[in-house]
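Okay, here's what each chain looks like letter by letter:
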Amino acid sequence: MRVELAPEVFADGEDTTGSDDPTYLTHLYSLLYCFIDERHEWVTNGLVVVAVEEFLPKHLPSLADTLASTARKAATAQVWTGTSQVDPEVVRVTRADLVEHAADLCQRAVVVVENQGSDGRFLAAVAHVLGDERVRRAFEHDWVEFANGGGSTLVSVAAQAVRRFRRVVRVAAVLDSDRLLPQQRTSSDDKADRLRRLGIAVHVLARREAENYVPYRVLATVGRPGEASRKVTLL
């Protein structure tokens, strides 16, 4: 995710609290490390860079140089990309809500699927084929958790996952459409509506199920020739 830290996160002074609080510093450290390992993208600017350079040598000296360098690189990148002040894709963190945001952003995102084994591998394959490096790295580094939703329990499993998050709901769901005809509305669409109301990002497959996306040349190698031919014909 794209994350912006307000300059006040790194402020010292009598009118601020938390600077020397171990809990605050631990969560700040955890969130900043997410930028170092590129788990999240740091949206920042020169004002924050100055605040980082002043704050970290006092409170996190072992990481001060590395984080200052990371902040400078992020600020330079921001000059070229730009971010609107109303960009809904940017998570904005202040001193007051840093602990809650850090708890959300440093835990694994959740993708609820009907079968975490086959559907999880399907999504990993899609990311590989499309060349999405950020998604591929998220899978590789275990920054994403697949939750097995089954069929009838998928909504309740997703709702339980939502309750893990306090500020930023990092839960998505991928459902088979179960359609018999193109554009047909099914119970999957009803589930999708309920999930979206929970703040979950939802994708309903356009085809009937994930297996329908397997290339025919691959299906043709599965099972005996006659059985494989019959499956391809049905698809």
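Details of the structure are given in the entry above.
Read on for an overview of the structure. The structure presented is a predicted model; accordingly, all values stated were derived computationally and were not measured.

Each packed pair of helices is defined by two parameters, the angle between the axes and the distance between the axes. Where helix α1 (residues 22-36) contacts helix α4 (residues 98-105), the two axes come as close as 9 Å, and the packing angle between them is 45°. If you check the angle between α1 and α4, you find them oblique. In this structure, α1 crosses over α4, and the sense of that crossing is left-handed. Touching Tyr24, His27, Leu28, Leu31 and Cys34 of α1 are Leu98, Val99, Ala102, Ala103 and Leu105, all from α4. By residue class, the composition of the contact of α1 with α4 is nine nonpolar, one polar and no charged.

With respect to the element layout, Arg39 can be found in the loop between α1 and β2 (41-43). Of the side chains bearing the opposite charge, Asp37 lies closest to the buried Arg39, which forms no salt bridge; the N-O distance is 5.6 Å. Engagement of the side chain of Arg39 in a polar contact is seen with the backbone oxygen of Cys106, the distance being 3.2 Å. Apart from residues no more than four positions distant in its own chain, Arg39 is found in contact with Met1, Cys34, Leu105, Cys106, Gln107, Arg108, Arg134 and Trp143.

Turning our attention to the nonpolar core. Among the nonpolar cores identified, the biggest contains 30 residues, and Leu5, Phe10, Leu28, Leu32, Trp42 and Leu56 are the most heavily contacted of them. Listed by contribution, the elements that provide at least two residues to this core are β1 (2-5), α1, α2 (46-59), α3 (64-81), β3 (90-93) and α4. With residues up to four places along the chain from it excluded, the contact list for Leu32 reads Leu5, Phe10, Trp42, Leu56, Leu60 and Leu67. In this structure, Val112, Val162, Leu195 and Val202 belong to the second largest nonpolar core, which totals 17 residues.

In this section: a nonpolar patch on the surface. A contiguous nonpolar surface patch, about 310 Å² in accessible area, is contributed by Val126, Val129 and Leu130. With respect to the element layout, Leu130 can be found in helix α5 (residues 118-130).

Attention now moves to the sheet that holds β1. Within the open sheet, the three strands sit side by side as β2-β1-β3. Their pairing is parallel. Each having just a single partner strand, β2 and β3 make up the two edges of the open sheet. Averaged over all pairs of adjacent strands, the angle between strand axes in this sheet comes to 35°, irrespective of strand direction. As paired strands, β1 and β3 are joined by four bridges and run parallel to one another. Across the sheet, Glu4 pairs through a bridge with Arg92, a residue of β3.

Moving on, we come to the packing of aromatic side chains. This structure, assessed with the given rule, holds five aromatic pairs. Pairing Phe10 with Phe55 gives two aromatic rings, centres 5.8 Å apart and planes at 70°, and the pair type is edge-to-face. Taken together, the residues span a long stretch of sequence, with Phe10 in the loop between β1 and α1 and Phe55 in helix α2 at a distance of 45 residues. With respect to burial, Phe10 and Phe55 carry one shared label: buried. With a centroid separation of 4.7 Å and 15° between ring planes, the pair formed by Phe35 and Trp42 is classed as stacked. Of the residues examined, Phe35 reaches a relative accessible area of 5% and is grouped as buried.

To continue, consider the sheet that holds strand β6 (residues 171-175). If you walk across this open sheet you meet the four strands as β5-β4-β6-β7, and the pairing is parallel. Looking at strand neighbours, the two that pair on one side only are β5 (144-148) and β7 (201-204), the edges of this open sheet. Across the sheet, the mean angle separating the axes of adjacent strands is 20° when strand polarity is ignored. Here strand β4 (residues 109-113) runs beside β5; their pairing, made up of five bridges, is parallel. Bridge assignment links Val112 to a residue of β5, and that residue is Ala147. Contacting β4, β5 and β6, helix α7 (residues 154-162) runs over the sheet at an angle of about 175° to β4.

What follows is about the environment of Val112. Along the chain, Val112 turns up in strand β4. Separated by 49 residues in the primary sequence, Val112 and Ala161 have C-alpha atoms spaced 8.6 Å apart. Aside from chain neighbours lying at most four places away, what touches Val112 is Ala147, Gly149, Leu154, Val157, Ala158, Val171, Ala172, Ala173 and Val174.

Parameters and conventions
Residues numbered from 1 in each chain as written. Predicted model: local features only at pLDDT ≥ 70, side-chain atom pairs only at ≥ 80, totals over all residues. Heavy atoms only, no water. Axes fitted to C-alpha atoms, helices over the stretch in contact; angles between N-to-C directions. Helix = DSSP H or I, 4+ residues; strand = E, 2+ residues; numbered from the N terminus. Parallel < 35°, antiparallel > 145°, perpendicular 65-115°, else oblique. Left-handed = near helix turned anticlockwise from the far one by under 90°. Contact = heavy atoms within 4.5 Å. Nonpolar A, V, L, I, M, F, W, Y, C, P; charged D, E, K, R; others polar. Buried < 20%, exposed > 50% of the residue type's maximum accessible area, 1.4 Å probe, protein only. Lys, Arg positive; Asp, Glu negative; His and termini not counted. Salt bridge = Lys/Arg side-chain N within 4 Å of Asp/Glu carboxyl O. Polar contact = N/O pair within 3.5 Å; in protein donor to acceptor, adjacent residues only side chain to side chain. Core = buried A, V, L, I, M, F, W, Y, C linked by side-chain atoms within 4.5 Å. Patch = residues over 30% accessible without salt bridge, like charges linked within 9 Å, V, L, I, M, F, W, Y side chains within 5 Å. Areas by Shrake-Rupley, 256 points an atom, 1.4 Å probe, with all protein chains shown as cover. Pairing = 2+ DSSP bridges. Phe/Tyr/Trp six-rings, centres within 6.5 Å; stacked < 30°, edge-to-face > 60°.

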